[in-house]
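# A look at the structure
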Amino acid sequence: MKVFTVVGARPQFVKAAVVSRAFAERGSQFDEVLVHTGQHYDPNMSDVFFEEMSIPRPQHNLGIGGGTHGQNTGRMIEQIESLLLEEQPDWVLVYGDTDSTLAGALAAAKLQIPIAHVEAGLRSFNRAMPEELNRILTDHLASILFAPTELARTNLSLEGIAGAMVSIVGDVMYDAALYYKSIAREPEWFKSSGLALESFVLCTVHRAENTDNPERMTGIFDGIRNVDKPVLLPLHPRTRAKIAEMSLEVPGNVTLADPVGYLEMIWLEMNCSLVITDSGGVQKEAYFHKKPCVTLRNETEWVELVDEGCNQLVGTNPDRIASAVNNFGECNFSKLLYGDGDSASRIIDALLAD
């Protein structure tokens, strides 16, 4: 069986690596063609990234990125279509909710090639998010939908997608967390940072709705300023530039750092006391590593974390941010909300059975 996998960003490579290893374990049953659209340039995705994380290098790198959502998606569809005609796969496998996800699904659908969507059924119910549009459209194009949770399956059912085409497999990110935690790496600069293990708050801010909005960034910084513990904030250069453009004063309790690699990020998540983030993936990783999470958004796709009391949605209200971090309370991390770490095997079995 030939599977054509489309990815476009580092988190998708991490997810795809889990399934790619499962493909390899099945030997000659699968022939995987891995395509990187180039949607997100990530300096951490060097040769070392692929070697350390046992991730196969893509056979095709389209180098598409830097344009608008429409420009990128259109260019991706054109090039992916050409590759599909050349490769003639049995399945096109897409992950998550990026422009690359939708482009892969649209190109396959036009050629009547079956589509498998990993992380199907997630909904924020905020259509101002490009990711929400991407995931909805991909779900309605897919032939088989791999839902991480029962709630995701319910969301699909409410949209008329049900039956055998929907399979609850758990979350491949949990598979990844279990696999990589043993090789997580302390950042070289951490010992000189003055931060103590289990006594700092880890913060990530990357969504344009926050980083491009002076009012929201001011709210975030004002909230962090009143957090009782030191805060570590790895920042992308673009976000640093935005902060400078806005003339925002970085709070005195914040230690800024350069972007970190995935293995370093896992180490920081494992060794912090709490996570503040606007990232969907980091919300889950916080739970996997048994850390409370305060989310700088008004909604989340990972509703289970909120229902369990392990995640609090605070938007960018400074009082809510500070109060949530300083008074979070105890959390129960014992539930396997996202499967038991065998999502990749379930995905492989479903593809073979279809």
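This section reports on the structure supplied with the text. (Residues numbered from 1 in each chain as written. Predicted model: local features only at pLDDT ≥ 70, side-chain atom pairs only at ≥ 80, totals over all residues. Heavy atoms only, no water.)

### Some points on the packing of helix 3 (residues 69-87) against helix 4 (residues 99-110)
Note the cut-off: Between N-to-C directions, angles cover 0 to 180 degrees, with each direction set by a line fitted to C-alpha atoms, over the stretch in contact for helices. The helix and strand labels rest on DSSP assignments: H or I over at least four residues marks a helix, E over at least two residues marks a strand, and numbering proceeds from the N terminus. To sort the angles, those under 35 degrees are grouped as roughly parallel, those over 145 as roughly antiparallel, those from 65 to 115 as roughly perpendicular, and the leftovers as oblique. Less than a right angle of anticlockwise turn of the near helix away from the far helix marks a crossing as left-handed, whereas a clockwise turn marks it as right-handed. Contacts are assigned to residue pairs with any non-hydrogen atoms lying within 4.5 Å of each other. Residue classes follow a fixed rule: Ala, Val, Leu, Ile, Met, Phe, Trp, Tyr, Cys and Pro count as nonpolar, while Asp, Glu, Lys and Arg count as charged, and any other residue, Gly among them, counts as polar.
At their nearest, the axes of helix 3 and helix 4 sit 8 Å apart, and the two run at 45° to each other. It follows from the interaxial angle that helix 3 and helix 4 lie oblique. The handedness of the crossing between helix 3 and helix 4 is right-handed. Only Asp99, Ser100, Ala103, Gly104, Leu106, Ala107 and Ala108 of helix 4 make contact with helix 3, whose side of the interface consists of His69, Thr73, Met76, Ile77, Ile80, Glu81 and Leu84. For the contact of helix 3 with helix 4, the class distribution of residues is eight nonpolar, four polar and two charged.

### Looking at the sheet that holds strand 2 (residues 31-36)
As a reminder, the rule being used: The pairing criterion is simple: DSSP has to find at least two bridges between the two strands.
Spatially, seven strands are ordered 3-2-1-4-5-6-7 in an open sheet, and the strand pairing comes out parallel. The open sheet has two edge strands, strand 3 (60-61) and strand 7 (166-168), and neither has a second partner. Pairing geometry for strand 5 (residues 115-118) and strand 6 (residues 144-147), over three bridges, is parallel. Of the residues in strand 6, the one forming a bridge with Val118 is Phe146. Strand contacts of helix 3: strand 1 (2-7), strand 2, strand 3 and strand 4 (91-95), with the helix running at about 165° to strand 1, the strand carrying the most contacts.

### Description of helix 11 (residues 262-271)
Short version of the rule: Only protein chains enter the accessibility calculation, which uses a 1.4 Å probe; a residue is then buried when its area is under 20% of its type maximum, exposed when over 50%, and partly exposed in between.
With respect to burial, helix 11 is a largely interior element, nine of its ten residues being buried. Within the span of helix 11, buried status applies to Tyr262, Leu263, Glu264, Met265, Ile266, Trp267, Leu268, Glu269 and Asn271.

### Some points on unusual backbone geometry
One non-glycine residue, Gln88, adopts positive backbone phi at about 50°. Residue position: Gln88 is located in the loop between helix 3 and strand 4. A positive phi angle, close to 60°, is found at Phe125, a residue other than glycine. Counting through the fold element by element, Phe125 comes out in the loop between strand 5 and helix 5 (130-141).

### Quick word on the packing of aromatic side chains
Rule in force here: Working definition: a ring pair exists when centres of Phe, Tyr or Trp rings (six-membered ring for Trp) sit within 6.5 Å. Plane angles under 30 degrees give stacked, over 60 give edge-to-face, the rest tilted. Charges are assigned to positions over rings by a cutoff of 6 Å between ring centre and Lys NZ or Arg CZ, combined with an angular limit of 35 degrees from the ring normal.
Summed over all chains, the structure comprises ten aromatic pairs. The interplanar angle of 45° and the centroid separation of 5.0 Å between the aromatic rings of Tyr174 and Phe288 together place this pair among those described as tilted. Of this pair, Tyr174 sits in helix 7 (residues 172-180) while Phe288 sits in helix 12 (residues 280-288), and the two are 114 residues apart along the sequence. Phe288 matches Tyr174 in its accessibility class, with the two residues each being buried. When the centroid spacing of 5.5 Å and the interplanar angle of 55° are considered together, the rings of Phe190 and Phe200 count as tilted. Placement of the pair is Phe190 in the loop between helix 7 and strand 8 (201-204) and Phe200 in the loop between helix 7 and strand 8, with a sequence separation of ten residues. As far as the burial class goes, Phe190 and Phe200 line up, both buried. Members of the aromatic cluster, connected to one another through ring pairs, are Tyr174, Phe288, Trp302 and Tyr338. The side chain of Arg21 reaches across the aromatic face of Tyr179, ending 3.7 Å from its centre.

### Let's talk about the nonpolar core
Selection rule: What makes a nonpolar core is a set of buried Ala, Val, Leu, Ile, Met, Phe, Trp, Tyr and Cys residues whose side-chain atoms join them at distances within 4.5 Å.
Counting 114 residues, the largest nonpolar core has Phe4, Val19, Ile80, Phe146, Tyr180, Tyr262 and Ile276 as its most contacted members. Excluding its chain neighbours within four sequence positions, the residues that come into contact with Tyr180 are Val14, Ala17, Arg21, Met53, Ile55, Tyr262, Leu263 and Ile266.

### Observations regarding the environment of Ala322
As for its position among the elements, Ala322 is in helix 14 (residues 318-326). Distance in space between the C-alpha atoms of Ala322 and Gly223 is 5.0 Å, their sequence separation being 99 residues. Apart from residues lying up to four places away in sequence, Ala322 is in contact with Gly223, Asn226 and Val227.

### A closer look at the packing of helix 1 (residues 10-25) against helix 15 (residues 343-353)
It is the contact of helix 1 with helix 15, at a shortest axis distance of 9 Å, that shows an interaxial angle of 60°. Here helix 15 runs oblique to helix 1, going by the angle between their axes. By crossing handedness, the relation of helix 1 to helix 15 is classed as right-handed. Contacts from Val18, Val19, Ala22 and Phe23 in helix 1 reach Ala344, Ile347, Ile348 and Leu351 in helix 15. Across the contact of helix 1 with helix 15, the residue classes tally to eight nonpolar, no polar and no charged.

### A word on helix 6 (residues 150-158)
Defined as follows: Directions pointing from the helix axis toward each C-beta atom define the arc.
Every buried residue of helix 6 is listed here: Ala152, Asn155 and Leu156. On an axial view of helix 6, the arc spanned by its buried residues comes to 95°, and they lie on one face. Of the surrounding elements, those touching the buried residues of helix 6 are helix 5, strand 6 and strand 7. Two residues or fewer after helix 6 comes Gly160, characterised by a positive phi angle close to 85°.

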